[in-house]
Amino acid sequence: MKIMNADSDKVFYLNDADSLPMGMLGLDTLLFTLALVTVFHATLRGGEYVALTLGIIMIATFVEEASVNNGIVTTHCHDEAILMITKCSSFNSILFYLPWLYTAIISARKLGLPVWAYPSAAALFTCLFGTCYEMLGPHFGWWKYNDEDVANGALTERIWGMPLMGAVFHPAMGFGLALAEALTGYLSNPGGFKWILMLVLTPLCSLLIDVPVRIANTLEISKYVSCPLTIVVIFVFPTILGFISGATPMLRKSDPVLFSIPFLWASYFISVKSWDVPRGAIAADPGLFAVAYVSATMSVVIHVWVNLFGSPKIKTK
């Protein structure tokens, strides 16, 4: 069924909690909590980090509304939540970007990789953090994708209901924000103009990752090949090469507040099957949950290394 922009003039409205399923209330609670923890962490680090969180919310609103309410059709539609921005666009879907992108940027910077590898490392953080969300969302009915391809091939070829391009979208957003931050030098030398430029560049830099997949699609190469290959070549290899070339960690001080964000996130997704009721059209499959659990666990393990295990001998900031 094609998803149209029904009631698209309905904006900023609340739903009665009693009318919402337990799973959606849980997702709302989780993302509101993680957003508060993220802002608290940013406040501890300084004004430029608070501005970064504001910028991420602005980027999220633009990206989500461009996908959901483009005036013609939508690529996907989020189910009703406590607070809705517009029809099909829940506030929790926008809040997701805040802990997702913030933890990726801060953690990737701590690795001290060469500037050319930093965006790829941030992409891997967002990929591992977001995979469980992207894969389980349609199963639990948190959102549904348009059955028709309204995005020039982006919605074709799916695995467990998730368009394979969704697997590329997650690292692409982390890559885009990190590349924009690196090009502007915002966190190294903050400034108002740099902040604005970073926000403008982020979606454009993210779209760079769309190019190789589109070229492969033109050559009739399946996304089952092009999407994993894109992740390995553009994100995994540069990160590994960055370490090989000599990473100089900027800061490996134990950071339990930052670690709590991916830990709470992964804990929720590893446990959600035990108490939430699937409402989506995607049937449960052992492979679906296996991939979601593995990615969530890997995310936590990497954040343990980066954000809990300190390196007291490193004194550079």
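How each quantity is defined
- Residues numbered from 1 in each chain as written.
- Predicted model: local features only at pLDDT ≥ 70, side-chain atom pairs only at ≥ 80, totals over all residues.
- Heavy atoms only, no water.
- Helix = DSSP H or I, 4+ residues; strand = E, 2+ residues; numbered from the N terminus.
- Rg over C-alpha atoms; globule rule 2.2 N^0.38 Å.
- Buried < 20%, exposed > 50% of the residue type's maximum accessible area, 1.4 Å probe, protein only.
- Lys, Arg positive; Asp, Glu negative; His and termini not counted.
- Charge placed at Lys NZ, Arg CZ, Asp CG, Glu CD.
- pLDDT = per-residue confidence, 0-100.
- Contact = heavy atoms within 4.5 Å.
- Pairing = 2+ DSSP bridges.
- Core = buried A, V, L, I, M, F, W, Y, C linked by side-chain atoms within 4.5 Å.
- Axes fitted to C-alpha atoms, helices over the stretch in contact; angles between N-to-C directions.
- Left-handed = near helix turned anticlockwise from the far one by under 90°.
- Nonpolar A, V, L, I, M, F, W, Y, C, P; charged D, E, K, R; others polar.
- Phe/Tyr/Trp six-rings, centres within 6.5 Å; stacked < 30°, edge-to-face > 60°.
- Lys NZ or Arg CZ within 6 Å of the ring centre and 35° of its normal.
- Parallel < 35°, antiparallel > 145°, perpendicular 65-115°, else oblique.
- Expected span 1.5 Å × (residues − 1).

1. Examining the overall build of the protein
And then number 1: Looking only at helices and strands, the protein has 11 helices and seven strands in total.
And then number 2: The C-alpha atoms of the protein give 19 Å as radius of gyration, which agrees with the globular expectation for 317 residues (20 Å, within 12%).
And then number 3: Dimensions of the protein along its principal axes, counting C-alpha atoms only, are 55 × 50 × 40 Å.
And then number 4: Scored against the burial criterion, the 317 residues of the protein give a buried share of 51%.
And then number 5: Of the side chains in the protein, 18 bear a positive and 21 a negative charge, and the two mean positions are spaced by 14 Å.

2. Considering the confidence of the model for the protein
And then number 1: Here the protein averages 88 in pLDDT, and 90% of its residues register 70 or above.
And then number 2: Ignoring residues within four places in sequence, the model shows residues 1–6, a span with pLDDT below 50, making 23 contacts including any to other chains.
And then number 3: In this model, residues 312–317 is a region of pLDDT below 50 whose contacts with residues beyond four sequence positions or in other chains number seven contacts.

3. Some words on the sheet that holds strand β1 (residues 11–14)
And then number 1: Spatial ordering of the open sheet is given by β1-β3-β4, a layout of three strands whose pairing is antiparallel. With partners counted over all chains shown, the strands left at the sheet margins are β1 and β4 (89–90), one partner each.
And then number 2: Pairing analysis gives three bridges linking β1 to strand β3 (residues 83–86), with the strands arranged antiparallel. The partner of Y13 across the bridge, within β3, is M84.

4. Considerations on the side chain of T230
And then number 1: Structurally, T230 is set in helix α9 (residues 223–246).
And then number 2: Every residue in contact with T230, bar those within four places of it in the chain, is listed here: I209, P212, V213 and F235.

5. Considerations on the nonpolar core
And then number 1: Counting 85 residues, the largest nonpolar core has Y97, W142, W265 and F269 as the members making the most contacts within it.
And then number 2: Sort the elements by how many residues they give to this core and helix α5 (residues 118–140) lands first, with 11 residues.
And then number 3: The contacts of F269, once residues within four sequence positions are left out, are L30, C132, Y133, L136, W142 and Y293.

6. Section: the packing of helix α2 (residues 47–68) against helix α7 (residues 192–207)
And then number 1: Viewed as axis vectors pointing N to C, α2 and α7 meet at an angle of 35°, and their least axial separation amounts to 10 Å. The chirality of how α2 crosses α7 is right-handed. Of α7, the residues touching α2 (which contributes A51, L52, L54, G55, M58, I59 and F62) are W195, M198, L199, T202 and P203.
And then number 2: Among the residues forming the contact of α2 with α7, the class breakdown is 10 nonpolar, two polar and no charged.

7. As for the packing of aromatic side chains
And then number 1: Taken as a whole and assessed by the stated rule, the structure comprises 22 aromatic pairs.
And then number 2: With 4.7 Å between their ring centres and 20° between their planes, F96 and W100 make a pair best called stacked.
And then number 3: Relative to F129, the ring of F96 lies with its centre 6.4 Å away and its plane at 45°, an arrangement referred to as tilted. Placement of F96 in the loop between α3 (91–95) and α4 (97–110) and of F129 in helix α5 is noted, with a sequence separation of 33 residues between them.
And then number 4: Overall, the relative accessible area of 2% leaves F96 in the buried class.
And then number 5: Cation over ring: R45 sits above Y49, and NZ or CZ is 4.6 Å from the ring centre.
And then number 6: The ring centre of F289 lies 4.3 Å from the NZ or CZ of K273, which sits over that ring.

8. Here we look at the environment of E148
And then number 1: Along the chain, E148 falls in the loop between β5 (143–145) and β6 (158–159).
And then number 2: Of the residues examined, E148 reaches a relative accessible area of 35% and is grouped as partly exposed.

9. Some words on the pairing of β3
And then number 1: Here two bridges tie β3 to β4, and the two strands are oriented antiparallel to one another. Residue pairing in the sheet places T86 in a bridge with S89 of β4.

10. Brief notes about unusual backbone geometry
And then number 1: The phi angle at C88 is positive, at roughly 80°, despite the residue not being glycine.
And then number 2: Looking at where C88 falls in the secondary structure, it is placed in the loop between β3 and β4.
And then number 3: Judged by relative accessible area, C88 falls into the buried class, the value being 4%.

11. Things to note about the packing of α4 against α5
And then number 1: Here α4 crosses α5 at 140°, and the two axes come no closer than 8 Å. One way to sum up the angle between α4 and α5 is to call them oblique. You can see that α4 and α5 cross each other, and the crossing is right-handed. Across the interface between the two elements, P99, W100, L101, T103, A104, I105, S107, A108 and R109 from α4 touch Y118, A121, A122, F125, T126, F129 and G130 from α5.
And then number 2: The residue inventory of the contact of α4 with α5, partitioned by class, reads 11 nonpolar, four polar and one charged.

12. Quick look at helix α6 (residues 164–184)
And then number 1: An ideal rise of 1.5 Å per residue puts 30 Å on 21 residues; α6 measures up with 31 Å between its terminal C-alpha atoms.
And then number 2: Of all the 21 residues making up α6, 17 are buried; the element is thus mostly covered by neighbouring parts of the structure.
And then number 3: Residue G185 follows α6 closely and has a positive phi angle near 70°.

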